[in-house]
Amino acid sequence: MVITLAFINITFISSILSGAINTAHQQAIDNYVSNIVIEPGTDDDYIEKVSSLKRNINMVPGVTSCASRYSLGSTITYDPDKDGKDIREISWTIKSINPEEETQVTNIHKFMVDGQYLDKSDRDQVILGREVSGGYGAGLEIQSLKGARVGDEITIHFSNGVTHDYTIKGIFITKFPLSDMAVFITEKEMESVLGLHNRASEILVRLEQPGQEELYIQRLRQIGIVDEEISPWIDYIGLISGITQSFEIIKRIVAFIGLLVAGVTIFIVIFINTVGRRKQIGILKAIGMDERIIITSYMFQALFYVIVGIGVGLVIIRFVLLPHFISHPLPFPMGMVSLLITKNELITSIAGLILVSLIGGLIPSWRVARENIIRAIWG
């Protein structure tokens, strides 16, 4: 039972933390910055000739799609009663999207909890993440508009001096904080605010196979994107990345403690067995049995315990824990988390348990097997 519980503990904690790490990374790709972000060069404010650039990017094999965005600082004011008495104001960055392109690189359109996603022709409409609107369980309520709803009117004072009123068309919740802090208007609306066309503050690039960002950054350089900054998604989740690194450390600590408990348990069990049979062991040695046979027999006993314990643990994980957490994922700050059991981590846990169990069986059996025959027989 102890070996089973130790194995479940190691595997469960590791898989939960792996699930949290995987969820955070997937959320960043699906709902924040996609796989790769292209930004203007150091001396430029915008990426130029965006239309032709996007055509070239989409022609790269392995690129699913790309989408351009504008980005502009602003101050947002919200007067819920329109009486000038309870005006709520926040400073925020406004981003523009081409809705048709954006749905190919991010999944924000799938997380509208109220209202609707933007249409390409919308001009006086805006959609907000819950960390901006407030309510809906927002974690940064004090820094939000504290309860703005679909149909309400907000005023955006852009940093270039333009001021415009917008109606909230929709509110989305991805449960990824960095995504839920976004405010979007359409590309056409932002171009009218900026007085620009065919430029962008950033281009998001979606890949068919995540994990090959560095390879595709080189391919984008090869098609002529040399002056712009090109970065993988991991560079944009600094705080979340720090959290996931902490999870990795916790995984190692929990695994070490679990293995230590299993090893000590086996040691105690074999120690009690050998001490209780000192006389029999002494007699066996007296009639000529080799010490190595005695030690090996107890190591086989330890191996039997650990194999049975692991087997029972695998059954519990496979048929009880895994189905439960797939059906009922845990709410984490970065999204809904289920168990993620990887083959390598499972093999490592099993190998670790077998190793510490063999060591735990070796030490007490070796001590008793090497004891003086007369002392063992007469106690």
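Residues numbered from 1 in each chain as written. Predicted model: local features only at pLDDT ≥ 70, side-chain atom pairs only at ≥ 80, totals over all residues. Heavy atoms only, no water.

Chemist: Summarise the pairing of strand 1 (residues 36–39); cite the residues concerned and give the values.
Modeler: Regular strands place side chains that alternate from one sheet face to the opposite one. Here three bridges tie strand 1 to strand 10 (residues 202–207), and the two strands are oriented antiparallel to one another. By the bridge assignment for strand 10, Val37 is matched with Leu204. (Pairing = 2+ DSSP bridges. Helix = DSSP H or I, 4+ residues; strand = E, 2+ residues; numbered from the N terminus.)

Chemist: I'd love a proper account of the packing of aromatic side chains, names of residues and values included.
Modeler: Scanning the model with the defined rule gives seven aromatic pairs in all. Ring geometry for Tyr46 versus Tyr70: centroids 6.1 Å apart, planes at 65°, classification edge-to-face. With Tyr46 in the loop between strand 1 and helix 2 (50–58) and Tyr70 in the loop between strand 2 (63–69) and strand 3 (71–78), this pair connects stretches of sequence that are 24 residues apart. Pair check on accessibility: Tyr46 and Tyr70 agree, each one buried. Measuring from ring centre to ring centre gives 6.3 Å for Phe304 and Tyr305, while their planes differ by 55°; the resulting arrangement is tilted. Sitting over the face of the ring of Tyr216, Arg219 holds its NZ or CZ atom 4.7 Å from the ring centroid. (Phe/Tyr/Trp six-rings, centres within 6.5 Å; stacked < 30°, edge-to-face > 60°. Buried < 20%, exposed > 50% of the residue type's maximum accessible area, 1.4 Å probe, protein only. Lys NZ or Arg CZ within 6 Å of the ring centre and 35° of its normal.)

Chemist: Go over the sheet that holds strand 2 with me, naming the residues and quoting the values.
Modeler: Strand order in the open sheet made by the four strands is 2-10-1-11, with antiparallel pairing throughout. Strands at the two margins of the open sheet, each flanked by one partner only, are strand 2 and strand 11 (229–232). On average, each strand axis in the sheet is inclined to that of its neighbour by 20°, with strand direction left out of account. Inspection of the sheet shows strand 1 paired to strand 11 by four bridges, in the antiparallel sense. In the strand pairing of strand 11, Ile38 is matched with Ile230. Each of strand 1, strand 2 and strand 10 is contacted by helix 2, which is oriented at about 160° to strand 2, the strand it contacts most. (Axes fitted to C-alpha atoms, helices over the stretch in contact; angles between N-to-C directions. Contact = heavy atoms within 4.5 Å.)

Chemist: So what's going on with a nonpolar patch on the surface? Which residues, and what values?
Modeler: A contiguous nonpolar patch, built from Val2, Ile249, Ile253, Phe256, Ile257, Leu260, Val261, Val264, Ile268, Phe271, Ile272 and Val275 and spanning about 1100 Å² of accessible area, is present on the exposed surface. Considering every element that reaches the nonpolar patch, the biggest residue donor is helix 7 (residues 238–276), with eleven residues. Counting through the fold element by element, Ile249 comes out in helix 7. On the basis of relative accessibility, which here comes to 48%, the residue Ile249 falls in the partly exposed class. (Patch = residues over 30% accessible without salt bridge, like charges linked within 9 Å, V, L, I, M, F, W, Y side chains within 5 Å. Areas by Shrake-Rupley, 256 points an atom, 1.4 Å probe, with all protein chains shown as cover. Salt bridge = Lys/Arg side-chain N within 4 Å of Asp/Glu carboxyl O.)

Chemist: Account for the nonpolar core, with residues named and values stated.
Modeler: Nonpolar side chains in soluble globular proteins generally cluster together in the buried interior. Counting residues in each nonpolar core, the largest one holds 25 residues, and the members touching the most others are Ile76, Leu145, Ile154 and Phe158. Elements supplying a minimum of two residues to this core: strand 3, strand 4 (88–97), strand 6 (125–129), strand 7 (153–158), strand 8 (163–172), strand 9 (183–186) and helix 5 (187–194). For Phe158, the residues in contact, after removing those within four places along its chain, are Leu72, Gly73, Ser74, Ile94, Tyr166, Ile185, Met190 and Val193. Residues Ile3, Ile295, Phe325 and Leu353 belong to the second largest nonpolar core, which totals 24 residues. (Core = buried A, V, L, I, M, F, W, Y, C linked by side-chain atoms within 4.5 Å.)

Chemist: Outline the packing of helix 9 (residues 291–327) against helix 10 (residues 343–369), listing residues and values.
Modeler: At a closest axis distance of 8 Å, the pairing of helix 9 and helix 10 adopts a crossing angle of 150°. Taken together, helix 9 and helix 10 sit at an angle that is classed as roughly antiparallel. In the crossing of helix 9 with helix 10, the sense of the turn from one axis to the other is right-handed. On helix 10, the residues touching Glu291, Ile294, Ile295, Tyr298, Met299, Ala302, Leu303, Val306, Ile310 and Leu314 of helix 9 are Leu346, Ile350, Leu353, Ile354, Ser357, Leu358, Gly361, Leu362, Ser365, Trp366 and Ala369. Its residues assigned to classes, the contact of helix 9 with helix 10 comprises 17 nonpolar, three polar and one charged. (Parallel < 35°, antiparallel > 145°, perpendicular 65-115°, else oblique. Left-handed = near helix turned anticlockwise from the far one by under 90°. Nonpolar A, V, L, I, M, F, W, Y, C, P; charged D, E, K, R; others polar.)

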